[in-house]
Each structure stands twice: as structure tokens, then as C-alpha cells.
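Residue-level structure breakdown
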Amino acid sequence: MTINSHSPPAVEFKSSTFSVPVLSLASNDLMLIEQLLNEKVKLAPEFFKHSPVVVDLGEVHKKQLILDFADLVTVIRKAGLFVVGIRSGNELQQAQAIALGIPLNTAPTNDVKIDTKSKVIKAPTNDEFVENDSTTMMITKPIRSGQRIYSHGDLIVLAQVGAGAEILAEGNIHVYGTLRGRALAGVQGNTEARIFCSDLQAELISIAGNYKISDDIHGAISNTPVQIYLQKNTLVVKPIV
Amino acid sequence: MARIIVVTSGKGGVGKTTTSAAISMGLAKKGHKTVVIDFDVGLRNLDLIMGCERRVVYDIINVINGEATLNQALIKDKNCNLLSILPASQTRNKDALTLEGVEKILEELSKDFKYIVCDSPAGIETGAHLAMYFADDAFIVTNPEVSSVRDSDRMLGILSSQSRRAERGEEPIKEYLLLSRYSAERVKSGEMMSLDDVQDILSLHLLGVIPESKSVLTSSNAGTPVILDEKSEAGQAYADIVARYLGENKPHRFIDEKSGFFRKLFGGK
Ligand SMILES: Nc1ncnc2c1ncn2[C@@H]1O[C@H](COP(=O)(O)OP(=O)(O)OP(=O)(O)O)[C@@H](O)[C@H]1O
Ligand SMILES: [Mg+2]
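In this report, we go over the structure that sits alongside the text. (Residues numbered from 1 in each chain as written. Chains lettered and ligands numbered in written order. Predicted model: local features only at pLDDT ≥ 70, side-chain atom pairs only at ≥ 80, totals over all residues. Heavy atoms only, no water.)

1. Comments concerning the site of ligand 1
Residue and element names in this part refer to chain B. Formally: In these notes, residues near a molecule or strand are those with any non-hydrogen atom within 4 Å of it. Residues adjacent in sequence count toward polar contacts only when both atoms are side-chain atoms; beyond that, a polar contact is any pair of N or O atoms within 3.5 Å, and within protein one must be able to donate a hydrogen and the other to accept it. Here, Shrake-Rupley sampling with a 1.4 Å probe gives the accessible areas, and only protein chains in the shown set may cover a residue. Only runs of H or I of at least four residues qualify as helices and only runs of E of at least two qualify as strands under DSSP, and these elements are numbered from the N terminus. By the convention adopted, Pro, Cys, Tyr, Trp, Phe, Met, Ile, Leu, Val and Ala count as nonpolar, Lys, Arg, Asp and Glu as charged, and the other residues, Gly among them, as polar.
Neighbouring residues of ligand 1: 16 residues in total, closest Gly13, Lys16, Thr17, Thr18 and Arg181. The contact in question runs from an oxygen atom of ligand 1 to an N or O atom on the side chain of lysine 16, over 2.8 Å. Interatomic distance of 2.9 Å between a backbone N/O atom of serine 213 and a nitrogen atom of ligand 1. If ligand 1 stood free it would expose 630 Å²; the protein chains cover 80% of that surface. Those elements giving two or more residues to the shell around ligand 1 turn out to be helix 1 (16-29), strand 7 (174-182) and strand 8 (205-211). Of the residues forming the shell around ligand 1, the biggest block, three residues, is contributed by helix 1. When grouped by side-chain class, the residues that make up the shell around ligand 1 number five nonpolar, seven polar and four charged.

Structural data, given as C-alpha cells:
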């Protein structure tokens with residue numbers, strides 16, 4: 001009898017994406033780190049209050065600096081931040097993290113960096129923009145029926161997307177051809193993602209899980225460049241003027 | 001090194017075998033040593049269209065199983081001695097076709113022939129996959145109707161992701177469109193998709209339009225590839241296609257209604 005019950009399951013996994021600041025360290029001097037962190041937090045106390053943060057030890061690791069991860073966590077905690085993940089680092093540091101209940105974060109970069117010009121907390125460099133850019137996927141050939149393309153960032157298609165094809169992106173989707181297949185932007189929950197295309201004849205469009213099927217997409221707008229975005233949980237299709 | 005051409009479509013009955021027979025004959029007639037392989041195991045009919053069904057002793061499965069040599073299985077065409085046919089088996093199960101077996105056969109044929117034409121079965125299963133896997137060029141045979149165009153689109157997706165060239169990250173298979181059974185009259189009356197409608201979806205390099213023509217049936221009943229019927233429009237269309245494929249510059253024909261003759265007569269454009 002309980003099988004057909006309509007109440008939601010007690011436990012359910014859902015996929016979701018969050019923006020979490022990443023603290024990149026280039027020094028193992030805990031005193032200096034503490035001092036600079038406090039200065040940083042003072043600049044925007046509301047922003048940093050109880051903020052989750054992922055620690056990136058890539059630089060420290062590269063320079064082979066010795067750094068006790070447990071001590072580092074204490075310093076960060078004192079500044080009012082919560083360490084929710086560690087990236088890179090050596091085996092010992094990773095083991096310390098696990099022991100402290102902090103998961104290893106090996107996901108591709110898609111994160112907000114703390115903007116700082118200090119020498120200790122790494123400032124964004126041109127390199128990082130390139131790194132972020134590399135998550136943009138560019139397709140120059142038509143996407144055929146039955147093909148499925150997934151981009152961890154933005155997706156740019158310089159040709160048409162055939163009926164029966166499916167394109168997915170965690171970021172925005174740009175189609176500089178006729179879009180006949182299915183296009184899903186912001187598939188990890190980014191409600192700011194948009195779809196742009198030069199001719200909308202899609203079977204389905206979706207942003208962050210909010211979708212419209214072709215019957216609901218008004219035919220009148222075909223053959224004009226449009227953008228699709230989310231406004232109060234509703235998909236808005238608008239010509240690009 | 002031989003050039004391997006796959007004639008494929010996804011959808012059945014669109015004219016793959018007709019095309020394979022015609023273009024392999026056309027290439028041979030142009031002086032290139034050519035072999036055409038029937039990959040339609042269990043439904044072989046290339047040998048019928050080539051008029052060699054009575055001379056089939058061994059087939060591709062026999063060669064793969066080591067029961068016959070390639071030379072024993074190859075049949076010389078009766079009209080052109082530069083053309084050979086490797087027939088499919090009518091009795092065996094499709095699964096007898098293996099990737100390694102096909103690779104070995106193609107390797108051996110490559111030493112001897114300039115062009116290897118692979119007549120693919122319909123669908124996207126094993127036979128069709130093996131026919132296209134080693135290809136350098138793909139002739140996509142499409143009829144001007146929605147389901148055929150859609151299946152061609154699907155096949156193009158498979159070509160670009162599941163071929164040997166794709167898996168090795170080599171230069172992709174060259175894809176060509178052969179729009180077959182085209183009727184300019186029916187396009188004009190709105191009953192049939194036009195070339196533009198089809199290209200809107202496929203955007204492929206057009207090798208030629210083959211008009212709907214009674215001579216196709218007459219020729220296959222007679223067991224001669226339609227390209228040998230030089231008076232027929234379909235025969236001429238295939239001759240153009242072979243010429244274009246070999247790099248000749250031939251204007252496209254059979255796309256518009258037959259008013260061209262009068263226009264030419266009066267010197268108009
Ligand atoms: N241009 C044409 N005009 C008229 N009839 C044609 C034309 N091309 C092919 N046909 C006819 O269409 C039918 C199917 O042709 P064919 O056997 O070449 O197709 P196929 O794609 O090889 O089919 P299958 O998928 O079963 O292998 C045949 O009866 C043939 O005579
Ligand atoms: Mg056939």
C-alpha cells in the first residue's frame with residue numbers, strides 16, 4: 001500500500017551547484033596568512049561572515065612548502081570562515097583534511113576567486129581567465145540528430161543543431177545557426193544562464209530545469225535571433241534587438 | 001592506398017545499392033580499378049543489380065572465416081574488367097561480420113584497388129557500422145522526405161563520432177550528399193521537399209541530384225547498373241556524380257523543372 005504513496009521520499013539526492021570562494025595560498029607563513037585574511041574580511045565583513053571557502057594548496061604544493069593543514073584550518077576559522085573543501089595539496093594535507101571532515105575537491109574550476117592584490121592570497125591573473133575560458137566549448141560543425149554535447153561552461157555552436165540532437169551546458173548556450181534540437185542551459189542549476197540563437201525551432205529549451213517544449217514556444221519568433229532567460233521561474237523568449 | 005567510400009543512409013530503400021552499383025561502375029569506366037562490397041549480409045542484392053548473381057561461389061563471410069581467399073570470392077564484372085564485386089552472404093547470420101575480419105579484407109583490397117565502395121545495409125546496426133567504420137568518404141543517399149533526411153542527419157552524427165578516423169582523431173570522413181528520387185515537378189507542386197529544404201537541415205557538400213527515373217528499375221531488372229544507360233536521366237546524374245567526385249566541374253542538373261531547354265534555346269539565362 002505504501003508503494004503508491006505520494007508523499008516525497010525521506011531522502012533524496014538532487015544535483016545543485018554553488019558558488020564558493022576559493023582561497024589560493026602561495027605562502028606557508030600562518031602569521032602572515034592570518035593577518036592578511038583579517039584585513040580582507042574587514043573590507044567586506046558581511047560577505048565573509050560564516051562564508052564557506054575552499055582552500056587551494058596548488059601553489060604551496062608546487063613550491064613544496066611545508067604547511068600543517070589543521071593549523072591552517074584553525075587560522076581560517078578564527079577569521080570567521082568555514083573550510084568546506086581542499087584542492088590540490090600533498091597526501092599528508094589531504095589526509096589531514098579528511099580527518100577533519102573536509103572533503104577533497106577535485107571538480108573542475110568554476111569558482112569565484114577572492115579578489116585580492118596581496119602577495120599571499122593569489123590575485124586573479126590573466127592565466128585564470130584563460131583557465132575559465134577553457135571551460136567554454138566551441139563546436140564548428142553541425143550537431144546531428146542523436147548527438148549529445150555537454151559543456152562544463154558555456155557552449156558555442158557555429159552551425160545548426162539538428163532535430164533529435166541535444167546540447168547541454170552548465171553555462172550559457174550560443175547557437176549561430178538554426179536550433180532544431182533540444183538545448184538545456186544552466187543544467188547544474190545556474191538560473192542566470194541564457195540561451196542565444198539565430199533561429200529558434202527547438203524541440204525543447206531549458207534553463208536550470210525550467211523548460212518549454214516546441215508547442216509552447218511561439219512559432220512567430222522563428223527566423224529572428226532570440227535570447228532565452230529565466231525571469232521569476234518562467235522562461236522568457238525575446239528577440240535580440 | 002585505396003580510397004574507401006561508404007554509401008550509406010540510415011533509412012532503408014532510398015537507393016544505396018543502386019548508387020553503389022552505379023558509382024563503382026562509373027569509377028571503373030573512368031579507368032580506376034574499383035571493387036564494390038556488399039555489406040548487407042542476409043539481404044544481399046548488389047549481385048542482382050550487377051547481374052552477377054549466378055556467378056557467386058564464395059562471399060565475404062567465407063573470406064572472413066578463412067574458407068576462401070579474397071581472390072576466390074571476388075567476381076569480375078562482365079561489362080568492365082576494372083570492376084570487381086565482393087558479394088555478401090545470403091545464408092549467414094549478420095554477426096558473422098567482424099571488425100577484424102573487415103579490416104583485414106579492406107587492407108588486402110587496398111593494395112590492389114584504387115577505390116573500394118562499401119554498400120551499407122539500412123539501419124545503424126553492426127552491418128552499417130562496419131561498412132562505414134573504415135571509410136574515407138561517405139556518400140549520404142537521401143530521399144527528399146522528412147524521415148530520410150532525419151535518418152541521414154543521424155548517420156552523419158555516427159560518422160563523425162564512431163568511425164575509425166573519429167576514434168583516432170584523424171581528419172574526419174568527407175561527407176557528400178546524393179539526393180535521390182528527386183522530382184522537380186513534385187517539389188514545385190509542394191508535395192516534396194526541395195533541395196534547399198534538405199540542405200537547410202543537412203548542409204552538406206552536394207555531389208548530385210538523381211531524379212526519379214523508370215530506367216532505374218529497368219536497369220536493375222536487366223542486371224546492369226543504371227549508369228550504363230547513358231540516355232536515362234538517372235544514368236546521366238550518376239555519371240555527373242562520378243565526374244564531380246573525381247574533381248571535374250559539372251554544373252548541377254535535374255534540380256529545376258525541364259524548362260532549361262527552352263531557355264537555352266532562346267539564349268536567355
Ligand atoms: N532514382 C530512382 N528512381 C526510381 N527508383 C529508384 C531510384 N533509386 C532507387 N530506386 C528504387 O528504389 C528501390 C530501392 O533501391 P535500393 O535497393 O538501391 O535501395 P537501398 O537503399 O539499397 O535499400 P536497402 O536499404 O534495402 O538496402 C529499388 O526498387 C530501386 O529500383
Ligand atoms: Mg541495399
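2. Quick word on the nonpolar core
Cut-off, in case you're wondering: For our purposes a nonpolar core is just a set of buried Ala, Val, Leu, Ile, Met, Phe, Trp, Tyr and Cys residues, chained together by side-chain atoms within 4.5 Å. Using a 1.4 Å probe on the protein chains alone, a residue whose accessible area is under 20% of its type maximum counts as buried, one over 50% counts as exposed, and one in between counts as partly exposed. Between two residues, a contact is recorded if the distance between any of their heavy atoms is within 4.5 Å.
Core analysis: the largest hydrophobic core is formed by 86 residues, its most contacted members being Ile23, Ile60, Leu97, Leu109, Ile116 and Phe139 of chain B. Look past the residues within four positions of leucine 109 of chain B in its chain and what remains in contact with it is Val35, Ile37, Leu70, Leu74 and Ile116 of chain B. If you look at the next biggest cluster of nonpolar residues, it comprises 27 residues, including Val161, Ala183, Ala185 and Ile195 of chain A.

3. Here's the deal with the sheet that holds strand 14 (residues 226-231) of chain A
All names here are of chain A. The criterion, for reference: Pairing between strands is defined by DSSP: at least two bridges between them are needed. With axes taken as lines fitted to C-alpha atoms, and helix axes fitted only over the stretch in contact, angles between N-to-C directions fall between 0 and 180 degrees.
If you trace the six strands from one edge of the open sheet to the other, you get 5-7-9-11-14-15, paired in mixed fashion. Whereas interior strands pair on both sides, the edge strands pair on one side only; in this sheet they are strand 5 (137-139) and strand 15 (234-239). Between one strand axis and the next, the sheet turns through 20° on average, direction left out of account. Pairing geometry for strand 7 (residues 155-157) and strand 9 (residues 173-179), over three bridges, is parallel. Each bridged residue has a counterpart across the sheet, and for leucine 155 the counterpart in strand 9 is isoleucine 173.

4. Side note on the packing of helix 1 of chain B against helix 12 (residues 233-245) of chain B
Residues and elements named next belong to chain B. For the record, the criterion: Throughout, the term roughly parallel applies to angles under 35 degrees, roughly antiparallel to angles over 145, roughly perpendicular to angles from 65 to 115, and oblique to all others. By definition, any crossing whose near helix is turned counterclockwise from its far helix by less than a right angle is left-handed, and any crossing with a clockwise turn is right-handed.
Interhelical geometry of helix 1 versus helix 12 gives an angle of 60° and a closest axis separation of 9 Å. When the axis of helix 1 is compared with that of helix 12, the two are oblique. Read as a crossing pair, helix 1 and helix 12 show a hand that is right-handed. Residue-level inspection shows Thr18, Thr19, Ala22, Ile23, Gly26 and Leu27 of helix 1 in contact with helix 12, the latter providing Tyr238, Ile241, Val242 and Tyr245. Here the contact of helix 1 with helix 12 is built from residues that sort into seven nonpolar, three polar and no charged.

5. Description of the pattern of salt bridges
For the record, the criterion: Salt bridges are defined as contacts in which a side-chain nitrogen from Lys or Arg sits within 4 Å of a carboxyl oxygen from Asp or Glu.
Counted according to the given criterion, the structure contains 19 salt bridges over all chains. Put simply, arginine 144 of chain A and aspartate 153 of chain B hold a salt bridge, and the shortest N to O gap is 3.0 Å. Of the two residues, arginine 144 of chain A is situated in the loop between strand 5 and strand 6 (148-151) and aspartate 153 of chain B in helix 7 (residues 146-162); the pairing between them involves two chains. The pair formed by arginine 144 of chain A and aspartate 153 of chain B is uniform in burial state, with each residue classed as buried. The salt bridge involving lysine 33 of chain B is made with aspartate 112 of chain B; its shortest N-O contact spans 3.6 Å. Here the residue lysine 33 of chain B occupies a position in the loop between helix 1 and strand 2 (34-38), and aspartate 112 of chain B occupies one in helix 5 (residues 99-112), the gap between them amounting to 79 residues. On the basis of relative accessible area, aspartate 112 of chain B is assigned to the partly exposed category, the value being 45%. One salt-bridge network, in which partners are shared between bridges, spans Arg148, Glu166 and Arg182 of chain A.

6. Remarks on the sheet that holds strand 6 of chain A
Residues and elements named next belong to chain A. One open sheet accounts for five strands, arranged 6-8-10-12-13; its pairing is mixed. Every interior strand has two partners, whereas the edge strands, strand 6 and strand 13 (210-213), have only one. Each adjacent strand pair in this sheet contributes to an overall mean axis angle of 5°, direction not counted. Bridge count for strand 10 (residues 182-185) against strand 12 (residues 204-207) is four bridges, and the pairing is parallel. What sits directly across from alanine 185, in strand 12, is isoleucine 207.

7. Quick notes on the interface of chain B and chain A
Basically, it comes down to this: By buried area we mean the combined loss of accessible area, with a 1.4 Å probe, across both parts when two parts are placed together.
Each side of the interface is counted separately: chain B has 14 residues, and chain A has 13 residues. Taking both sides of the interface into account, the surface hidden between chain B and chain A amounts to around 990 Å²; carbon and sulfur atoms contribute 36%. Looking at the side of chain B facing chain A, the largest losses of area belong to Arg150, Asp153 and Arg154 of chain B, adding up to 41% of the total buried there. Linking chain B with chain A are two salt bridges, by the criterion used here. Run the count over chain B and chain A and you get eight residue pairs in polar contact (both at pLDDT 80 or more).

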